[in-house]
Amino acid sequence: MISSTFVPNMKVLPEGYWSYVYWNALQDLSTSCRSVLATQRVLEGIGVGREGATAISATLNFIVRDGAGMMAGLIFTAMKASHFRYNVKKWKLFADCIVDLGLTLELSSTLLPRQFFLPMICMASMCKSICGVAAGASGGAIQVYWADKGSDISEVNSKFGAQSTITGAIGLIFSAMFAQSISKTGSAHFVWLIYTILTIVHIFANIQCLKHIHLDYFNKDRMDIVSRYFLDICLRDDEEGSIKSRGESKLKVKMLTPKEVSKKESLFFLSLNRGNYPIIFGASMDDLYAATLCSANDIVKQLDNRYIIKVSKVFNRRWTIIVAMDVQASEEDYLKAYFHGILLSTLIYDQKVEQSSTFDLIESKAAMICQNLWNEYKFLAIQAGWNIQKSALASHIERAYGLVIS
């Protein structure tokens, strides 16, 4: 009975499933306890227990607060709905961090003069609505991940719902005890200390949750990690500073698995400086021509690849790899194009090229090495457990701006 209610019907539960459930329950409990503190402050702010406070005043405050949250949710959905699947883990952690911000705003709402109370709870409601959109979208992708391990999405979804119900019930008990203990203490410093500890626990638990999600398809971050590791082995400097391919240096190549990459990939939306040159992936043909003065000969030379790749310094002050895709490009074409971009970026950085006159030679060399290494890269990726028939490298909007190669 218990198993049929809470555990997906799989022959063997996937690795990390129970760890994910444990950390997910812990972060839920943390949120429940902190919500009690935030709710107490909001009720104090609207006038509960204060002489002269009226029901209509409290009602209007709640109407304005909820309206602000609804508008924020709609605007955020319009802006980001097509972006969630490309960074599922980052959006999941973003959702949990922004709900922490919302709870903090609610807890702080009574610390400022009364005229700031309504704007504070409105901003808190906006944060919670944004969290709902991002968490719903990324959470759905995570449930699909577990369903792909041997169950179906409807069952996984219902079992996670049952687990959340039990966690919520336990959270109610802990929250009631927590509220009583806080009210007896009455110390603001103690309240903020407990809140800070619970917030740290919440973020830590979410990070641990996401480490047990080993997505087996490439997005930009995962492919960047795998490709740079692969190229570090395949490319070596000789005595004269030129770079050799694996075929020349006869080095043993190892491909990182999805599990290994999940421990390395960043969970935050940060602009990390990896030391190499940035890649603009999915640029339009107009932008490519404007930035690089790409000639018709350049297009003809790259017809077979379903993409065009060039180096430019026009878009920003740094040398940048620009990739334009054919609108009929397959998932494998996207993977190869991004691998080519990482390879070109690595070659330019390793050889410390700064003069545009040298880029033609480097581009030719990168194209040759990419052609030699791509089939082996693809073969090793499949062996390591990567799904090359699916990718999250560029959005549908970016793909629509590609070029047409007949």
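First, a word on scope: everything that follows refers to the structure included in this document. (Residues numbered from 1 in each chain as written. Predicted model: local features only at pLDDT ≥ 70, side-chain atom pairs only at ≥ 80, totals over all residues. Heavy atoms only, no water.)

### A look at the pattern of salt bridges
If you walk through the whole model with that rule in mind, you get 14 salt bridges. Across the salt bridge formed by Lys 128 and Glu 106, the nearest N and O atoms sit 3.0 Å from each other. Taken as a pair, Lys 128 in helix α5 (residues 117-147) and Glu 106 in helix α4 (residues 88-108) lie far apart in primary sequence, 22 residues in all. The exposure class assigned to Lys 128 is partly exposed, which follows from its relative accessible area of 32%. Residue Lys 310 pairs with Glu 363 through a salt bridge whose shortest N-O separation is 3.2 Å. Taken together, the residues Lys 310 in strand β5 (residues 307-312) and Glu 363 in helix α14 (residues 359-383) connect sequence positions 53 residues apart. Like Glu 363, Lys 310 is buried. Each of Lys 89, Arg 222 and Glu 265 takes part in one network of salt bridges that share partners. (Salt bridge = Lys/Arg side-chain N within 4 Å of Asp/Glu carboxyl O. Helix = DSSP H or I, 4+ residues; strand = E, 2+ residues; numbered from the N terminus. Buried < 20%, exposed > 50% of the residue type's maximum accessible area, 1.4 Å probe, protein only.)

### Looking at the pairing of strand β6 (residues 320-325)
Extensive coverage of β6 is indicated by the burial of six of its six residues. Of the two faces of β6, the one lined by Thr 320, Ile 322 and Ala 324 and the one lined by Ile 321, Val 323 and Met 325 are each fully buried. The sheet contact formed by strand β4 (residues 279-281) and β6 spans three bridges and is parallel. Across the sheet, Ile 280 pairs through a bridge with Ile 322, a residue of β6. Across six bridges, β5 lies against β6 in antiparallel orientation. What sits directly across from Ser 312, in β6, is Thr 320. (Pairing = 2+ DSSP bridges.)

### Brief notes about the sheet that holds β5
The three strands lie next to each other as β4-β6-β5, forming an open sheet whose pairing is mixed. Of all strands in the sheet, those with a lone pairing partner are β4 and β5, marking the two edges. Direction aside, neighbouring strands of the sheet carry axes that sit 15 degrees apart on average. Against the sheet, helix α13 (residues 331-350) touches β4, β5 and β6, its axis set at about 25 degrees to β5. (Axes fitted to C-alpha atoms, helices over the stretch in contact; angles between N-to-C directions. Contact = heavy atoms within 4.5 Å.)

### Notes on the nonpolar core
Counting residues in hydrophobic clusters, the biggest one holds 48 residues, and the most contacted among them are Met 223, Phe 230, Met 255, Val 323, Phe 339 and Tyr 377. Contributing elements (two or more residues each) for this core: α8 (220-234), β4, β5, β6, α13 and α14. The contact partners of Met 255, leaving out residues within four places of it in the chain, are Val 226, Phe 230, Glu 260, Tyr 377, Leu 380, Ala 381, Ala 384 and Trp 386. Core analysis: the next-biggest nonpolar cluster, separate from the first, contains 23 residues, Met 10, Val 21, Val 156 and Leu 267 among them. (Core = buried A, V, L, I, M, F, W, Y, C linked by side-chain atoms within 4.5 Å.)

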